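# Coordinate inspection notes
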Amino acid sequence: QVQLVESGGGLVQPGGSLRLSCAASGITFSLYVMNWYRQAPGKERELVAAITRIGGSTNYADSVKGRFTISRDNAKNTVYLQMNSLKPEDTAVYYCNAYRDILSRKYDYWGQGTQVTVSS
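Let's shift gears to the state of the cysteines. Applying the stated criterion across every chain yields a total of 1 disulfide. One disulfide in the model links C22 with C96; its S-S distance is 2.1 Å. With the S-S dihedral at roughly -75 degrees, the linkage between C22 and C96 falls on the left-handed side. Here C22 is found in strand β3 (residues 18-25), whereas its partner C96 is found in strand β9 (residues 92-102), with 74 residues between them in sequence. Judged on exposure class, the residue C22 and its partner C96 are both buried.

Put into structure tokens, the structure is as follows:
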């Protein structure tokens, strides 16, 4: 059974920092691209950051470039999202996603989400 469990969300003031973690089980973690998405109330889910299987390449939404950093520890089956200089518009539920596409078969798993609220 595949499980992705996010943690680290909470309430933070503008300009503050949070570090999200996502612990994976039930998959061969190192074979998956790992992504962080977020969904704010009334908005569509958007891709925030992505990291390749061995962490050699990362990608970010323009809105978080220079403020967020995605990383992974394949020995711990965990992906992280370090969020600095947080803004009220970063308020959303953040979701961890594991994705693999091999021989036209797609494997796509999601966590339950963790709430991040940026407010004074």
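Our focus in this paragraph is the packing of aromatic side chains. Using the criterion set out here, one finds 2 aromatic pairs in the structure. Here the aromatic rings of Y32 and Y109 are separated by 6.1 Å at their centres, their planes lie at 50 degrees, and the arrangement is tilted. Note that Y32 is positioned in the loop between β3 and β4 (33-39) and Y109 in strand β10 (residues 105-110), a separation of 77 residues in sequence. The exposure class of Y109 is partly exposed, given its relative accessible area of 25%. Residues Y37 and W110 carry aromatic rings whose centres are separated by 4.9 Å and whose planes lie at 55 degrees to one another, so their mutual orientation is tilted. With Y37 in strand β4 and W110 in strand β10, the pair connects residues that are 73 residues apart, well separated along the chain. Its guanidinium or amino end placed over the ring of W110, R45 lies 4.7 Å from that ring's centre, counting from NZ or CZ.

We now examine the nonpolar core. In terms of nonpolar packing, the biggest core is built from 29 residues, with M34, W36, F68, V79, L81, M83 and Y94 touching the most fellow members. Counting residues per element, the ones that place at least two in this core are β3, β4, β5 (46-51), β7 (68-73), β8 (78-83), β9 and β11 (114-118). Setting aside chain neighbours within four positions, we find Y94 in contact with E6, L20, W36, Y37, R38, V48, F68, L81, M83, G113, T114 and V116.

Next up on the list: the side chain of N35. Following the sequence through the fold, N35 ends up in strand β4. According to the relative accessible area criterion, N35 is buried, its value standing at 8%. Here the side chain of N35 touches N97 through a polar contact of 2.8 Å, side chain to side chain.

The strand order across the open sheet built from 4 strands is β1-β3-β8-β7, with neighbouring strands paired in antiparallel fashion. Each end of this open sheet is capped by a strand with a single partner; those strands are β1 (3-7) and β7. Taking the axes of each pair of neighbouring strands and ignoring which way they run, one obtains an average angle of 15 degrees across the sheet. Bridge analysis of β7 against β8 gives 6 bridges, and the strand direction is antiparallel. Opposite I70, over in β8, you have L81 as the bridge partner.

Cut-off values and rules
- Residues numbered from 1 in each chain as written.
- Predicted model: local features only at pLDDT ≥ 70, side-chain atom pairs only at ≥ 80, totals over all residues.
- Heavy atoms only, no water.
- Disulfide = S-S within 2.5 Å.
- Helix = DSSP H or I, 4+ residues; strand = E, 2+ residues; numbered from the N terminus.
- Buried < 20%, exposed > 50% of the residue type's maximum accessible area, 1.4 Å probe, protein only.
- Phe/Tyr/Trp six-rings, centres within 6.5 Å; stacked < 30°, edge-to-face > 60°.
- Lys NZ or Arg CZ within 6 Å of the ring centre and 35° of its normal.
- Core = buried A, V, L, I, M, F, W, Y, C linked by side-chain atoms within 4.5 Å.
- Contact = heavy atoms within 4.5 Å.
- Polar contact = N/O pair within 3.5 Å; in protein donor to acceptor, adjacent residues only side chain to side chain.
- Pairing = 2+ DSSP bridges.
- Axes fitted to C-alpha atoms, helices over the stretch in contact; angles between N-to-C directions.

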